[in-house]
Structure formats: C-alpha cells, structure tokens
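# Geometric and topological summary
The residues making up each chain are set out below.
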Protein chains: 2
Amino acid sequence: MPRGGATAQKSGEEPQDQIRPLADVSALPRSNGGRTRQLNEDRILRAAEAVFAEAGFNGTTMQAIAEAARLPKANLHYYFGTKEGLYRALLNRVLDGWVDAFDHFQPDREPADAFADYVRDKMRFTRQRPMASKVFANEIIHGAQHVSHYLKTKLRDRVDEKAVVIADWVKSGKMASVDPHHLFFSLWAVTQTYADFDVQVAAVLAKPKLGREDLDDATNHILRLVLRTCGLPETRPETGPETGPETGIEHHT
Amino acid sequence: MPRGGATAQKSGEEPQDQIRPLADVSALPRSNGGRTRQLNEDRILRAAEAVFAEAGFNGTTMQAIAEAARLPKANLHYYFGTKEGLYRALLNRVLDGWVDAFDHFQPDREPADAFADYVRDKMRFTRQRPMASKVFANEIIHGAQHVSHYLKTKLRDRVDEKAVVIADWVKSGKMASVDPHHLFFSLWAVTQTYADFDVQVAAVLAKPKLGREDLDDATNHILRLVLRTCGLPETRPETGPETGPETGIEHHT
DNA sequence: AATTTTTTTGACCATTTGGTCAGGTTTTTT
DNA sequence: AAAAAACCTGACCAAATGGTCAAAAAAATT
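All values reported here derive from a predicted model rather than from experimental measurement. (Residues numbered from 1 in each chain as written. Chains lettered and ligands numbered in written order. Predicted model: local features only at pLDDT ≥ 70, side-chain atom pairs only at ≥ 80, totals over all residues. Heavy atoms only, no water.)

Another point: the pattern of salt bridges. Residues and elements named next belong to chain B. Overall, the coordinates contain 32 salt bridges over all chains when judged by the stated rule. Residue Arg88 is joined to Glu84 by a salt bridge in which the shortest nitrogen-to-oxygen separation is 2.9 Å. Placement of the pair is Arg88 and Glu84 together in helix 4 (residues 83-99), with a separation of four residues, close to one helical turn. On the accessibility criterion, Arg88 (38% relative accessible area) is partly exposed. With a shortest N-O distance of 3.7 Å, Asp216 and Arg212 are connected by a salt bridge. Here Asp216 and its partner Arg212 are both found in helix 10 (residues 212-229), four residues apart, which amounts to about one turn of the helix. A relative accessible area of 22% places Asp216 in the partly exposed class. For Arg212, a relative accessible area of 29% corresponds to the partly exposed category. (Salt bridge = Lys/Arg side-chain N within 4 Å of Asp/Glu carboxyl O. Helix = DSSP H or I, 4+ residues; strand = E, 2+ residues; numbered from the N terminus. Buried < 20%, exposed > 50% of the residue type's maximum accessible area, 1.4 Å probe, protein only.)

Below is the structure:
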C-alpha cells in the first residue's frame with residue numbers, strides 16, 4: 001500500500017481531516033525491497049480486470065481504472081504505456097490460467113474422473129474470477145482481435161492434442177461416441193455461462209446475485225450433463241465434502 | 001476507430017464520384033406508400049445490429065452506424081433521438097425472437113421432440129442472426145442494464161412456466177431427472193456459443209469461419225448431448241433431409 | 001552524503017463523439 | 001396547386017478521453 005492516501009484525483013476539494021484512509025501510515029515501512037513496480041502493476045491490473053469486465057474495452061476509460069486503483073491516471077501510463085498495452089497485459093494474465101485445466105485429460109486416466117476434475121476446475125475459475133472470464137468473453141465476442149493468434153496456435157494445438165485422447169477413449173469403448181471438439185465447446189459454454197451471464201442466471205433464479213450454493217447446483221448439473229453425454233457412470237453423490245478446502249487461498253482479487 | 005474507411009466523415013474532402021451508394025437511383029419509384037419511416041428505421045436497425053455486435057455499446061459510434069446504413073448521422077438522430085434510444089429499439093427487436101422458441105415445450109408433447117425442436121430453433125437463430133445474439137450477449141455480460149427488467153419478469157415467468165412442464169415429464173417418468181432451470185441455462189449456453197464465440201470455435205476448428213456444415217455438426221452434437229442428458233432416445237439419424245426447407249424465408253435481416 | 005534511477009503527478013492538448021439546429025427538400029394532404 | 005407534414009443533412013458544439021510532459025519526490029546505488 002503506497003502511502004499516498006485517499007488521493008483526491010481531481011484537484012479542489014479535500015478537507016484536511018478526511019485524508020487519512022489507512023490507519024497510522026507512519027508505522028508502515030518507509031520502503032519496499034524494490035518491488036514497487038510489481039506491486040503497482042498488480043494493483044492496476046486488478047482494477048483493470050474489474051473495469052474492463054464491466055464496461056468492455058471501449059467503454060473503459062483510463063480514468064475509471066485509475067480511480068478503481070486509487071492512483072492518478074498518469075501513473076497507469078507510466079507502467080503500461082497505453083490503454084491497449086494495459087489491456088493486452090491483462091489478457092495475457094487471464095489466458096495463462098485458461099489452458100492449464102487441460103492437463104486433466106491424460107490417456108491413462110479414468111474418463112469420468114478426468115471430466116469431473118475438468119468441470120470442477122472450470123467452475124472454480126468461474127466462481128473465483130468471474131471478471132476475468134467476462135473480459136475474455138468480451139474479447140472473443142468482439143472478434144478476438146488481440147488473441148486470435150493465441151487461439152489459432154496454442155489453444156488449437158492443446159485442444160487437438162486432447163481431442164485425440166478423448167477419441168481414443170471412445171475407440172477403446174471407455175465412453176460413448178462424442179465429437180471431442182464440440183464436446184469442448186459445450187464444456188466451455190456451460191461452465192463459463194455462469195460467469196459471463198451471471199446476471200441472467202440470477203434474474204431467472206430470482207436471486208439478487210449468484211451465491212456459492214447456486215454455483216454448486218450448477219456444478220452438479222453440469223457433471224450430470226457431461227457424464228451422461230459421454231455415457232459414463234455418475235460418480236460421487238456430490239454434495240458437501242469435496243468443496244472443503246477453499247480457504248487459505250487469498251481471494252482478494 | 002477500427003475501420004480506416006473511405007467515407008470522409010468530417011467535412012472537407014469528398015471526391016464527387018464516390019458518393020453514389022446505390023446504383024441507378026433514377027429508376028427507383030419516386031415515392032413509397034408512406035412507409036419511408038418504417039423502411040429507414042429498419043435499414044438503420046439492421047446496420048446498428050452489425051455495428052453494435054462488433055463493437056459493443058460504447059465502442060459503437062453513431063457515425064459508424066450511419067456509414068453502415070449509408071445515411072447521414074443526423075438522420076439516425078431524427079429517427080431514434082439518441083444512441084441509447086437506438087440501442088434500446090434494437091434490443092427490443094432482438095428480444096422479441098427470444099422467448100418464442102419456448103412454445104415447443106407443451107405438456108402433451110413427446111419430450112424428445114420438444115427438445116429437438118427447441119435446439120433446432122435455437123441453432124437456426126444462431127445461424128441466421130449471429131449478430132443479434134452477440135448484441136444480446138454483450139448486453140448481459142455488461143450487467144444487462146437495459147434488459148434487467150425484462151429478464152426478471154417476462155423471461156423468468158416464461159422459464160418458470162416451462163420448468164414446470166419439464167418437471168412433470170420427469171415426475172411421470174418420461175425423462176431422466178434433470179434440474180429444469182439449469183437445463184435451460186445449458187441449452188442457451190451450448191447453442192449461443194456458436195454465435196457469440198464463433199471466432200473461437202472457428203479458430204479451434206482451423207476454419208477461416210464457421211460454415212453451414214459446422215453448424216450442422218454442432219446441432220447434431222447438441223441434440224445428442226441434450227437427449228442423453230435427459231435420458232431420451234436419440235431420434236432421427238439426423239443428416240440431410242430435415243435441413244431442407246430453408247429457402248423461401250427472406251433472411252436479409 | 002552525493003548521485004543516479006525510479007516513481008509520482010498535476011496540468012495540458014488534440015481528437016473523437018453524441019447530440020443539436022436551421023434551413024432545405026420531398027411527400028402527403030387538402 | 002397550394003399548404004402542411006414529414007424527412008433530410010451539413011455544419012456546428014460542449015464534453016469526454018487517450019495520451020504527453022516537465023518538474024518534483026522517493027528510492028536505490030555509489
């Protein structure tokens with residue numbers, strides 16, 4: 001936390017007594033170990049994720065991000081150059097956590113377990129970083145101009161690779177016949193819809209917003225859907241125990 | 001802005017010879033039967049759908065729509081007042097075709113047929129009006145500020161109504177146990193993903209863009225997915241014959 | 001302590017954009 | 001044909017926005 005303060009980003013009105021946002025600034029260390037850049041970039045990216053998710057690239061103003069990050073606008077430009085640069089940096093961050101889940105599809109695994117783990121991973125991402133999902137969705141809807149190369153190389157390769165695994169499972173009779181590629185599209189669609197279209201889901205469910213339980217229901221539904229589609233046995237009853245260890249992970253994002 | 005377009009949008013430079021958008025104006029009828037307004041509004045809405053879909057609300061400029069519609073910007077304001085007004089008009093148009101497909105879920109129907117028809121309807125919409133789907137998706141992702149009321153009333157009511165039908169099917173043993181609401185979310189997700197995320201799908205499939213065959217494949221996959229999920233028999237083999245009668249319908253929208 | 005490097009920030013600017021308007025043209029009505 | 005209504009549009013704003021910059025404050029290095 002930079003010492004800054006409430007940082008009235010405009011000029012003008014700032015009553016002397018209200019500028020003390022953090023308690024006892026004087027006690028904080030006078031400097032960090034040269035990690036200023038990293039800390040600030042992270043702070044900005046976090047703010048940017050929220051703002052870009054809500055307003056899209058064009059709807060987002062640098063000023064809005066600056067306010068969300070509690071930093072002057074010029075500071076963002078100091079770290080990321082341009083709005084586009086910041087956006088790209090953010091996209092990279094989001095994409096990183098995207099293909100990792102594919103690792104669950106190993107040839108020697110039990111298909112049912114692989115799918116179950118994959119779905120749970122995806123839904124965990126949906127729950128923990130819905131904003132990131134929205135930023136990505138927005139980018140794709142608007143033509144994927146900044147990530148098309150990534151889609152056509154890294155993502156496609158990864159999908160093709162895992163499609164073979166699934167095709168082999170089908171061939172060896174371990175699961176019902178399903179088009180692997182379209183299966184992936186379906187998996188992405190049904191999991192990410194709870195992040196991207198959360199407002200719609202909540203509206204239809206008559207909830208003010210989606211809660212943990214709603215997403216657990218969704219996860220169970222999706223597990224059923226996938227396993228049935230693949231002609232696999234519906235494994236664990238799926239209720240409480242498995243959702244345990246989530247604390248400990250800082251979720252301040 | 002993206003386009004480097006010709007069409008000098010400022011004043012100043014405009015070569016005389018490029019201002020002729022439609023060929024042979026002199027041959028057109030000198031007047032229409034008082035349908036000028038309707039025709040122009042339609043023309044503008046059609047252009048707006050494409051532009052809003054590609055750029056989102058904030059990324060869209062009235063100038064861009066004007067160029068797409070081949071009309072001066074002031075003309076749009078004449079018909080729709082504000083950008084917001086035009087956007088709302090467009091959303092209404094899109095929403096109209098949204099809940100109609102629900103009609104397939106009639107208590108006395110065979111579940112398998114109802115689901116199949118619903119999926120085909122949805123996929124037809126995806127194929128014929130992908131832009132409309134994107135406009136809607138964009139609106140929801142960004143908080144559904146203009147349609148939240150619609151979601152919480154008309155859509156919710158309609159879904160609840162049909163959820164009962166499905167629940168009854170389940171109770172009477174006509175289909176496997178499935179959460180009706182989440183089933184709808186899944187249906188929407190897997191069908192609309194081929195419109196909203198078409199770029200991603202195309203990239204993964206290594207196609208320059210999605211073709212008719214790709215969407216047919218997708219439809220068949222989704223039919224399998226849905227029927228298996230609901231424990232229903234996979235009806236027709238699904239190949240050629242059923243996709244026949246699509247001509248005759250004007251699809252210029 | 002002096003020096004160099006990094007970070008911070010208010011003020012400023014060029015461009016873009018939604019929206020207006022007055023005057024003109026076309027179509028419909030009388 | 002005249003009057004009224006509807007439609008068209010170039011020219012013009014005020015506000016918003018991405019980006020710049022120079023000078024100063026902090027931090028790291030010597």
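For the rest of this paragraph, the subject is helix 5 (residues 111-128) of chain B. Here helix 5 of chain B spans 26 Å end to end across 18 residues, near enough to the 26 Å set by a 1.5 Å rise per residue. Where helix 5 of chain B is buried, its residues meet helix 4, helix 6 (130-141), helix 7 (148-171), helix 8 (180-196) and helix 10 of chain B. (Expected span 1.5 Å × (residues − 1). Contact = heavy atoms within 4.5 Å.)

Structurally, the position occupied by Lys134 of chain A is in helix 6 (residues 130-141). A distance of 3.2 Å separates a polar atom in the side chain of Lys134 of chain A from a polar atom in the side chain of Asp198 of chain A. Apart from the residues lying within four places of it in its own chain, the contact partners of Lys134 of chain A are Ala53, Ala195, Asp196 and Asp198 of chain A together with Ile141 of chain B. (Polar contact = N/O pair within 3.5 Å; in protein donor to acceptor, adjacent residues only side chain to side chain.)

This part takes up the domain arrangement of chain A. Residues and elements named next belong to chain A. According to the domain assignment, chain A contains domain 1 (35-81) and domain 2 (92-229). Its C-alpha centre places domain 1 at a distance of 28 Å from the equivalent point of domain 2. Between domain 1 and domain 2 the total buried area reaches about 690 Å² when both faces are included, carbon and sulfur atoms providing 59% of it. It is Leu45, Glu49 and Ala53 that lose the most area in domain 1 upon contact with domain 2, and together they represent 60% of the buried surface on that side. When the shortest N-O distance is used, the salt bridge between Arg93 and Asp42 registers 3.1 Å. Here domain 1 is connected to domain 2 by two residue pairs in polar contact (both at pLDDT 80 or more). A breakdown of the residues in the side of domain 1 that touches domain 2 according to their chemical character gives five nonpolar, one polar and four charged. (Domains from an automatic or database assignment. Buried area = accessible area lost by both parts, 1.4 Å probe. Nonpolar A, V, L, I, M, F, W, Y, C, P; charged D, E, K, R; others polar.)

All names here are of chain A. Between helix 6 and helix 8 (residues 180-196), whose axes approach to 8 Å, the crossing angle comes to 110 degrees. It follows that helix 6 is roughly perpendicular to helix 8 by the angle criterion. Contacts between helix 6 and helix 8 pair Pro130, Ser133, Lys134 and Ala137 from the former with Gln192, Ala195 and Asp196 from the latter. Among the residues making up the contact of helix 6 with helix 8, the classes are represented as three nonpolar, two polar and two charged. (Axes fitted to C-alpha atoms, helices over the stretch in contact; angles between N-to-C directions. Parallel < 35°, antiparallel > 145°, perpendicular 65-115°, else oblique.)

As a further point, take the interface of chain B and chain A. Each partner contributes to the interface: chain B provides 54 residues, whereas chain A provides 53 residues. Seen at the junction of chain B and chain A, the total is zero salt bridges. Inspection of the chain B/chain A interface yields 18 residue pairs in polar contact (both at pLDDT 80 or more). Of all the elements in the fold, those that place two or more residues in the side of chain B that touches chain A are helix 1 (36-59), helix 6, helix 7, helix 8, helix 9 (198-204) and helix 10 of chain B. A per-element tally of the side of chain B that touches chain A places helix 8 of chain B first, with eleven residues.

Attention shifts here to the confidence of the model for chain A. All names here are of chain A. Across chain A, the average pLDDT comes to 84, with 79% of residues at 70 or higher. Under a pLDDT of 50 for its full length, residues 1-28 has, in the predicted model, 16 contacts with residues more than four places off or in other chains. Counting interchain partners and residues more than four positions distant, the pLDDT-below-50 stretch residues 238-253 has 14 contacts. (pLDDT = per-residue confidence, 0-100.)

On to the relation of the copies chain B and chain A. Expressed as a screw transformation, the operator carrying chain B onto chain A has a rotation angle of 180 degrees and an axial translation of 0.0 Å, and the superposed copies differ by an RMSD of 0.1 Å. Both chain copies can therefore be described as sitting about a two-fold axis. Residue by residue, 98% of the interface of chain B is reproduced at the interface of chain A, so both copies engage with the same surface. (Least-squares fit on C-alpha atoms with pLDDT ≥ 70 in both.)

With the rule as written, the count across this model stands at 36 aromatic pairs over all chains. The interplanar angle of 70 degrees and the centroid separation of 5.2 Å between the aromatic rings of Phe105 of chain A and Phe115 of chain A together place this pair among those described as edge-to-face. Residue Phe105 of chain A is found in the loop between helix 4 (83-99) and helix 5 (111-128), and its partner Phe115 of chain A is found in helix 5; the two are separated by ten residues along the sequence. Comparing Phe105 of chain A with Phe115 of chain A, the two get one shared label, buried. Relative to Phe57 of chain B, the ring of Phe52 of chain B has its centre 6.0 Å away and its plane inclined at 5 degrees; by these criteria the two rings are stacked. For Phe52 of chain B, a relative accessible area of 1% puts it in the buried group. By the ring-pair criterion, three or more aromatic residues cluster together here, those being Trp98, Phe102, Phe105, Phe115, Tyr118, Phe136, Trp169, Phe184, Phe185 and Trp188 of chain A together with Tyr194 of chain B. Cation over ring: Lys122 of chain A sits above Trp98 of chain A, and NZ or CZ is 3.7 Å from the ring centre. If you follow Lys83 of chain B out to its NZ or CZ, it ends over the ring of Phe57 of chain B, 4.5 Å from the centre. (Phe/Tyr/Trp six-rings, centres within 6.5 Å; stacked < 30°, edge-to-face > 60°. Lys NZ or Arg CZ within 6 Å of the ring centre and 35° of its normal.)

Moving on to the side chain of Lys122 of chain A. Residues and elements named next belong to chain A. With respect to the element layout, Lys122 can be found in helix 5. With no salt bridge to any partner, buried Lys122 finds its closest opposite charge in Asp121, at an N-O distance of 8.7 Å. Those residues in contact with Lys122, other than ones at most four positions away along the chain, are Trp98, Trp188, Thr191 and Gln192. (Lys, Arg positive; Asp, Glu negative; His and termini not counted.)

The next subject is unusual backbone geometry. Its identity as a non-glycine residue notwithstanding, Ala206 of chain A has a phi of 60 degrees, on the positive side. Given a relative accessible area of 47%, Ala206 of chain A falls into the partly exposed group. Positive phi, normally seen in glycine, also occurs at Ala144 of chain B, with a value near 55 degrees. Relative to the helices and strands, Ala144 of chain B resides in the loop between helix 6 and helix 7. In this structure Ala144 of chain B comes out as buried when scored by relative accessible area, which is 0%.

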